[in-house]
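# An overview of the molecular structure
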Amino acid sequence: MYSYEIIGSDNHDEFEAFVKSHPKGHMLQTWEWSKQKSFWLFQGIVVRDESGEIKGAMSVLIRRIPLTPWTLMYAARGPVCDINDREMLACLLDGAKELAKKHRSYVLKLDPDVTFEETTFMAHMKDLGFVLAPKAPNFENIQPQYVMRLPIEGKTEEEVMAMFKPKTRYNIRVAIKKGVEVRICGKEAVSDFYRIMVETGARDQFMIRPAQYFADMLDNLGEDVRLYMAYYEGEAIAGTIASHVGDKVWYLYGASSNSHRNLMPNYLLQWEMIRWAIQTHCRIYDFRGISGDRSESNHLYGLYRFKSGFNAVFTEFVGEYRYIFRPGAYHFVEKAMPMAKKMIKKFRK
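Numbering of residues begins from 1 in every chain and follows the order in which that chain's sequence is written. The predicted nature of this model means local features are confined to residues of pLDDT at least 70 and side-chain atom pairs, given and counted, to a pLDDT of 80 or more, with totals for whole chains, interfaces and linings taken over all residues. By convention in this description, side-chain values take in all heavy atoms of the structure and omit both hydrogens and water.

Let us now look at the sheet that holds strand β13 (residues 313-316). Strands are labelled as partners when DSSP assigns at least two bridges between them. By definition, any uninterrupted DSSP run of H or I lasting at least four residues is a helix, any uninterrupted run of E lasting at least two residues is a strand, and each is numbered from the N terminus. Taking strand neighbours across the sheet as the criterion, the 7 strands line up as β8-β9-β10-β11-β12-β7-β13 in an open arrangement whose pairing is mixed. The open sheet has two free edges, formed respectively by β8 (181-185) and β13, since each of these has just one partner strand. Averaged over all pairs of adjacent strands, the angle between strand axes in this sheet comes to 30°, irrespective of strand direction. By the bridge criterion, 5 bridges tie β8 to strand β9 (residues 225-232) in an arrangement that is antiparallel. What sits directly across from R183, in β9, is M229. Helix axes are fitted only over the stretch in contact, all axes being lines through C-alpha atoms; the angle between N-to-C directions runs from 0 to 180 degrees.

Walk down a regular strand and you will see the side chains alternate between the two sheet faces. Relative accessible area decides the class of each residue, using a 1.4 Å probe on protein chains only: under 20% of the type maximum gives buried, over 50% gives exposed, and in between gives partly exposed. Among the 6 residues of strand β5 (residues 105-110), 6 are classified as buried, and the element is accordingly described as predominantly covered. Here 5 bridges tie strand β4 (residues 71-75) to β5, and the two strands are oriented parallel to one another. Bridge pairing in β5 places T71 opposite S105. For crossovers, right-handed means that the path from the first strand over the helix to the second runs clockwise, given strands pointing away from the viewer. Where the polypeptide runs from β4 across helix α3 (residues 86-103) and back to β5, its parallel neighbour, the crossover connection is right-handed. Examined bridge by bridge, β5 and strand β14 (residues 321-324) share 4 bridges and lie antiparallel to one another. Each residue of the ladder has a partner; that of L110, found in β14, is Y321.

Next up on the list: the sheet that holds strand β3 (residues 54-64). Pairing is mixed in the open sheet, where 7 strands are placed in the order β1-β2-β3-β4-β5-β14-β6. Of all strands in the sheet, those bounded by a partner on one side alone are β1 (3-7) and β6 (131-132). By definition in these notes, contact holds between two residues if any of their heavy atoms fall within 4.5 Å. Here α3 sits on the sheet in contact with β1, β2 (41-48), β3, β4, β5 and β14, set at roughly 145° to β2.

What follows covers the side chain of H103. Position of H103 among the secondary structure elements: in helix α3. Under the relative-accessibility criterion, H103 is labelled buried at 16%. Every residue in contact with H103, bar those within four places of it in the chain, is listed here: L41, Q43, I62 and T71.

There is a patch of nonpolar side chains on the surface, built from V198, F206 and I208 and spanning about 210 Å² of accessible area. Structurally, V198 can be placed in helix α7 (residues 190-204). For V198, a relative accessible area of 36% corresponds to the partly exposed category. Each patch is assembled from residues with relative accessible area greater than 30% and no salt bridge, linking like charges that lie within 9 Å and nonpolar side chains (Val, Leu, Ile, Met, Phe, Trp, Tyr) that lie within 5 Å. Only the protein chains shown count as covering a residue, and every accessible area follows the Shrake-Rupley method with a 1.4 Å probe. A carboxyl oxygen of Asp or Glu within 4 Å of a side-chain nitrogen of Lys or Arg is what we treat as a salt bridge.

Take a look at the structure:
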């Protein structure tokens, strides 16, 4: 028999240790990550067995919807537990219901680290009343439904390098031969990284976060995050940010200058992040999102081509689940929010 309890930021140590040690642990489920989301309230749900040992957990971030009395609850890549244990999932949901009542939440959204082949989990979620959102091939949901993952468990650097496609190995060697140097940097390099990120955003037409967000990330995630910068003749020409938790390393952000792209710094940066994953005995290096549409006509095809060069495995998650507490509020907010976001995006441009 299981029982749940709610924890906050003042008693998160046991929660954090469990999440980081569990096979389903994810950096987005850590208390550390909640510090990065300063506009959200962190609430952790832990489920214990009869002996008092934690067997499941879920980090829930809560944020008020502007101009409404309601809040949104979001468990990014949660829950962290045996995903086929229906009793466990039901107990975590009971904890979420308590939070929803206290914080006037209209919905709980979660996008678990579970692939679409896990039919037992999907059946349990449906039985418990969760609704699965439509597939999101091009980043329509909060987290990408499709990612590329490189399995590296028990492999040496030489063995992992041998897995890459010949062109990728060649490009890594080009960067090294041409004198590209990769350094692990601190906040002193954030200004260069941000400058290159602005350049990348303008080139590839996507919105970017402010420089302070990346500086805060280095503070909030501590030793679990690294800023890698690529230099050529002393000039910063590309950069990436990666995070390590448990048995995985995730590639989070990347930026490259319009100049010196022929030096292939992005390939060398990826290799250095993969090396971090190997050195920390990880099971997976996660390249994160790609489009579910892998046709060459898709404007995001280049992203897939680049990541597939490392022989990473195309991975489809189940997608985004929603447990609706207040149907009326849900339909109002979910219809109004896209319109508001469209107006904000137009204003920012």
